[in-house]
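# Coordinate inspection notes
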Amino acid sequence: MEKKELIQSLINQTFLHTKKVIKAFEKVPRENFIPEKYKEHAYADIPLPISAGQTISAPHMVAVMTEALDVKDKEKILEIGAGSGYQAAILSVLNPDGKIYTIEIIPEVAQNAKEVLKDYKNVIVIQGDGSLGLESEKPFDRIIATCGCPSIPRPWIEQLKEKGKILAPVGGMYEQELILVEKIKEKIKETNLNFPCVFVPLRGKYGWK
Ligand code: SAH
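Residues numbered from 1 in each chain as written. Predicted model: local features only at pLDDT ≥ 70, side-chain atom pairs only at ≥ 80, totals over all residues. Heavy atoms only, no water.

### Structural notes on the confidence of the model for the protein chain
Confidence along the protein chain averages 97 in pLDDT terms, with 100% of residues attaining 70 or more. Per-element confidence in the protein chain is highest for strand 3 (residues 76-80), whose mean pLDDT is 99, and lowest for strand 2 (residues 55-56), whose mean pLDDT is 95. (pLDDT = per-residue confidence, 0-100. Helix = DSSP H or I, 4+ residues; strand = E, 2+ residues; numbered from the N terminus.)

Put into structure tokens, the structure is as follows:
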């Protein structure tokens with residue numbers, strides 16, 4: 001499949017529906033975020049292995065999450081699980097006047113993400129435990145986790161702005177559902193988007209042991 005076909009198929013399946021999100025998908029070359037030996041599958045709607053046993057999410061998963069995150073202008077966004085860097089690149093294009101902080105716990109994976117994202121000037125890759133959030137840069141408009149969480153870590157809620165949103169796969173180690181958390185007048189509203197997914201587990205203090 002080619003990029004154009006993949007995007008059209010994501011639109012047909014209603015995974016993609018917002019103009020600016022579609023534009024971001026058109027702009028970012030997914031092949032740049034994939035190891036040499038899998039590049040020919042860059043525009044198949046499947047997850048692919050990257051380094052250290054980790055994966056780049058399937059395009060439809062990135063589409064659903066990016067749409068649900070509902071990014072406005074000039075936002076401060078935190079991503080937990082930089083992985084290949086592809087999701088961060090999409091957010092970078094979507095939010096050109098804002099900033100994206102993306103945390104990765106595996107040093108080798110963080111180093112690769114840093115390199116592939118070096119031309120995305122509004123993205124900062126940090127190696128560390130993202131289950132703690134990023135205290136030094138709080139508060140955030142949006143927090144997106146691309147690893148499976150046993151529950152939403154408390155620091156993420158504390159580091160979220162008023163009217164901010166957290167999107168995370170929450171559930172068991174091998175299957176999760178997408179949960180959207182909104183902070184409205186200091187109250188927390190949780191919505192299950194009823195979208196089953198399979199992410200690698202969140203590690204670290206608030207993750208799986
Ligand atoms: N967003 C990525 C997909 C990431 S896969 C992409 O677009 O390709 C999930 C990543 O989360 C893995 O690389 C894993 O190492 C990382 N991870 C797991 N627990 C973490 C933690 N506590 N902090 C930061 N990264 C973590």
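Having seen it, we continue.
### Describing the packing of aromatic side chains
Aromatic ring pairs are defined here through the distance separating the ring centres and the angle between the ring planes. Enumeration over the complete set of coordinates arrives at five aromatic pairs. Taking 5.7 Å as the distance between ring centres and 65° as the angle between the ring planes, the aromatic pair formed by Phe33 and Tyr86 counts as edge-to-face. Of the two residues, Phe33 sits in the loop between helix 2 (19-27) and strand 1 (48-49) while Tyr86 sits in helix 4 (residues 86-94), which places them 53 residues apart along the sequence. For the pair Phe33 and Tyr86, a shared accessibility class is recorded, and that class is buried. (Phe/Tyr/Trp six-rings, centres within 6.5 Å; stacked < 30°, edge-to-face > 60°. Buried < 20%, exposed > 50% of the residue type's maximum accessible area, 1.4 Å probe, protein only.)

### Things to note about the site of the ligand
The immediate surroundings of the ligand are formed by 27 residues, with Glu79, Ser84, Glu104, Gly130 and Arg203 found nearest. Within the backbone of Ile105, a nitrogen or oxygen atom sits 3.2 Å from a nitrogen atom of the ligand. Relative to its unbound accessible surface of 590 Å², the ligand loses 99% to contact with the protein. Judged by its atoms lying within 2 Å of the grid points, the ligand is housed in the largest pocket. Taken together, the elements giving at least two residues each to the shell around the ligand come down to strand 2, strand 3, helix 4 and strand 4 (99-104). (Near = heavy atom within 4 Å. Polar contact = N/O pair within 3.5 Å; in protein donor to acceptor, adjacent residues only side chain to side chain. Areas by Shrake-Rupley, 256 points an atom, 1.4 Å probe, with all protein chains shown as cover. 1 Å grid on protein atoms, 1.4 Å probe; cavity = no way out; pocket = protein on both sides within 12 Å on 5 of 7 lines; lining within 4 Å. Sits in = over half its atoms within 2 Å of the grid points.)

### Considerations on the layout of surface pockets
In this approach the atoms are scanned with a rolling probe the size of a water molecule, which exposes any empty space left behind. Its volume calculated, the largest pocket comes out at about 610 Å³. Every residue lining the largest pocket is counted, 35 residues in all, and those nearest its centre are Thr55, Thr146, Cys147, Phe199 and Val200. Put simply, the parts of the chain that give the lining of the largest pocket at least two residues each are strand 2, helix 3 (59-69), strand 3, helix 4, strand 4 and strand 9 (187-197). With three residues, the single largest contributor to the lining of the largest pocket is helix 3. The residue makeup of the lining of the largest pocket, split by class, is 20 nonpolar, eleven polar and four charged. In this structure, the second largest pocket spans a volume of roughly 160 Å³. (Points joined across faces, edges and corners; volume = space filled by probe spheres on them. Nonpolar A, V, L, I, M, F, W, Y, C, P; charged D, E, K, R; others polar.)

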